[in-house]
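# Structural overview for review
Given next are the chains, with one letter for each unit.
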Amino acid sequence: MLSGYRLMWITVMFDLPVVEKAERKAATDFRNTLLDMGFEMSQFSVYMRFCSSQSQIDTYILQVEKSLPTGGKVNILQFTDKQYERIITFQGKKKNPSKKSPDQYDLF
Amino acid sequence: MIGRIVEVADDRRHLFLSRGFLVVQDTEGERKELGQVPLDDITAVIANAHGLSYTNNLLVALAERCAPFVLCAANHNAVGMVWSIEGNFQQAKRFDAQIAAKQPLIKRLWAEIVKSKLQQQAAALEATGAPFVPLSALVRKVRSGDPDNFEAQGARRYWGLLLGDDFRRDQQAGGLNAMLNYGYTVLRAATARAVVAAGLHPTIGLHHSNAGNAMRLVDDLMEPFRPMMDLKVWQLHKQSEGEVTPESKRALVRTLYDDMQTSSGTTPVMVCAQKLATSLAQVFMGEKDKLDLPLPGLPLSLAASLQDD
C-alpha cells in the first residue's frame, strides 16, 4: 500500500543574485529547470515536488545539483507525506486549510 | 515507478504542455485552468470524451516518456493509443531477441502466465468466499503452451463463481461489464507502458494471435493482473455500485496501487507489471530463465485490500 510514511516531498529553496543581467538569466534558467522537472512553485524561490519514494528524491537531488547556478545559496529539504500534512499556512491573518497530497488518479 | 493515471472525461477540455506539466484547461467561460500534473509522474492519459483538444507538443512530451495517450470509445474500451516507438536504449537488440525466440520457450512462458492467472483467479475467489478449488486444481494440469486451453476453461467457471451464474462477460454490455472494460483499459494502458519501456515490441505476442490486434504482448502480460480488477468490480458490486461513475473509476484505478506478493516482497500491481515486462525482455535476451510473476495472492492481504475505500 502507498503509505504516508513512504511517500515523500522534496523542497528546493534558493536565494540567487539578480543584480547583473547574466545573473538574472541564470536564476530564470534555474527556475525553469525546476519547472521542467515537475516542481511547483509554493512561494517565490520555494519549489516543491511530490515523490513516491526516497530513490526518486535522490534522483531529483542529483538533477538539481547538475543545474545549480554559480552564485547564491540553495537548500534542499526532504520530508514524508505525513509531515507535509502538518504544514500550517497563513494567508494574511487567515489560516488556510492544509493542502492534500495529489491523488494517484486525476479526473478532469 | 508508481505513476499517476490522468483521465479526461468531460467534453469541454483543452490539454497542453507547460514546462514540465500537462495542464488541463476549461474551454468555456474564462478558460480556467483546472489542474496540472507533472509529466514525469504520468503513467497514462485516458481521453474518454469527444470534445477534447490537445496540442502536438503535449503528445510528443508524453511519447518521450513512454506514457500512452489512450483514446476511448463508448463502453470504455480502448480503440487507440499514441505512444513511443522507442522506449528503451536496448530496444533494437531486444526486438531481435524477441523475434528470434523459439517456440518451446514461448510455449513455456505462456504456460507460466496461464498458471499465474489461474492462481490469481483462485485467490480472488478465495477472497470473496467462493469455492476456489475448481481453479486452483487446474494450475498443476497446465502443460507447455496450454494445449488443453485451461485458460478458457478456467475463465468459464471463474465468472460464474465470482459474479453469479447469470453473469455473462460481454464487451459491448453495460453495468458490471462496462466496469470491467474500464478497469482493463486502465490496466492495459499501464501494461503497455511497461512493455514499451522494457524495449519489447507490443505486437509480437506469446499467445494472443488475433491479426487485428496490435497489442498482443500487452494482452498476454496483463492476464495475471486481471483478477485484481475482477475482485474490485465484485467489491463495488457488493456495495451496490453497478455503473461506471467517477467514484467507481477512482476505485478501479486505485487497484493498480494495491499490493501483490512477489518473490522480492509486496509491490503494487503497477510495479509488478513493470517487473514482469522487464523479466520477459531478460528471458528473451538469455539473461534470466524465469518470469517475475506475482505469487499467489495471500487471501488475507487481498481481503484487507477489500476493506479500505
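Since we're looking at a predicted model, the values are computed, not measured.

Tallying the contact residues gives 21 residues for chain A and 31 residues for chain B. Across the chain A/chain B interface, buried area totals approximately 2400 Å², and carbon plus sulfur atoms make up 51% of it. Our count for the contact surface shared by chain A and chain B stands at two salt bridges. Counting across the chain A and chain B interface gives seven residue pairs in polar contact (both at pLDDT 80 or more). Elements with a contribution of two residues or more to the side of chain A that touches chain B: helix H1 (21–36), strand E3 (46–51), helix H2 (54–66) and strand E7 (105–107) of chain A. Residues belonging to the side of chain A that touches chain B are distributed by class as follows: eleven nonpolar, five polar and five charged. Bridge analysis of E7(A) against strand E1 (residues 4–8) of chain B gives three bridges, and the strand direction is parallel. In the strand pairing of E1(B), Asp106(A) is matched with Val6(B).

All names here are of chain B. As annotated in UniProt, the feature "binding site: Mn(2+)" (unreviewed entry) corresponds to Glu151, His208 and Glu223 in the numbering used here. These annotated residues cover 73 residues of sequence, and their C-alpha atoms lie no more than 12.0 Å from one another, placing them together at a single site. Position of Glu151 relative to the elements: it lies in helix H5 (residues 150–163). When neighbours within four sequence positions are excluded, Glu151 is seen to be in contact with Trp110, Val114, Lys117, Asp146, His207 and Glu223.

All names here are of chain B. Taken as a whole, chain B is organised into domain 1 (4–67) and domain 2 (91–308). Just the C-alpha atoms count here: the centres of domain 1 and domain 2 sit 28 Å apart. In this assembly, twelve residues from domain 1 lie in contact with twelve residues from domain 2. Of the roughly 850 Å² buried where domain 1 meets domain 2, counting both sides, 62% is carbon and sulfur surface. For the domain 1 face of the interface with domain 2, the top three residues by lost area are Ile5, Thr43 and Cys66, together amounting to 53%. Across the contact surface, domain 1 and domain 2 share one salt bridge. A salt bridge links Glu7 to Lys249; the shortest N-O distance between them is 2.9 Å. Across the contact surface, domain 1 and domain 2 share three residue pairs in polar contact (both at pLDDT 80 or more).

We now examine the confidence of the model for chain B. A residue-level look at chain B finds 95% of positions with pLDDT of 70 or above and a mean pLDDT of 86. Quick note on the complex model: pTM equals 0.84, ipTM equals 0.85.

This part is about the pattern of salt bridges. Residue and element names in this part refer to chain B. Tallied over the entire structure, the rule returns 18 salt bridges over all chains. Across the pair Arg13 and Asp10 runs a salt bridge, and its minimum N-O distance is 3.8 Å. Exposure remark for Asp10: the relative accessible area of 24% places this residue in the partly exposed category. Beyond isolated ion pairs, a larger network of salt bridges with shared partners links Asp10, Arg12, Arg13, Asp26 and Glu28.

Cut-off values and rules
Residues numbered from 1 in each chain as written. Chains lettered and ligands numbered in written order. Predicted model: local features only at pLDDT ≥ 70, side-chain atom pairs only at ≥ 80, totals over all residues. Heavy atoms only, no water. Contact = heavy atoms within 4.5 Å. Buried area = accessible area lost by both parts, 1.4 Å probe. Salt bridge = Lys/Arg side-chain N within 4 Å of Asp/Glu carboxyl O. Polar contact = N/O pair within 3.5 Å; in protein donor to acceptor, adjacent residues only side chain to side chain. Helix = DSSP H or I, 4+ residues; strand = E, 2+ residues; numbered from the N terminus. Nonpolar A, V, L, I, M, F, W, Y, C, P; charged D, E, K, R; others polar. Pairing = 2+ DSSP bridges. UniProt positions renumbered as here; feature names shortened; annotations may be inferred. Domains from an automatic or database assignment. pLDDT = per-residue confidence, 0-100. Buried < 20%, exposed > 50% of the residue type's maximum accessible area, 1.4 Å probe, protein only.

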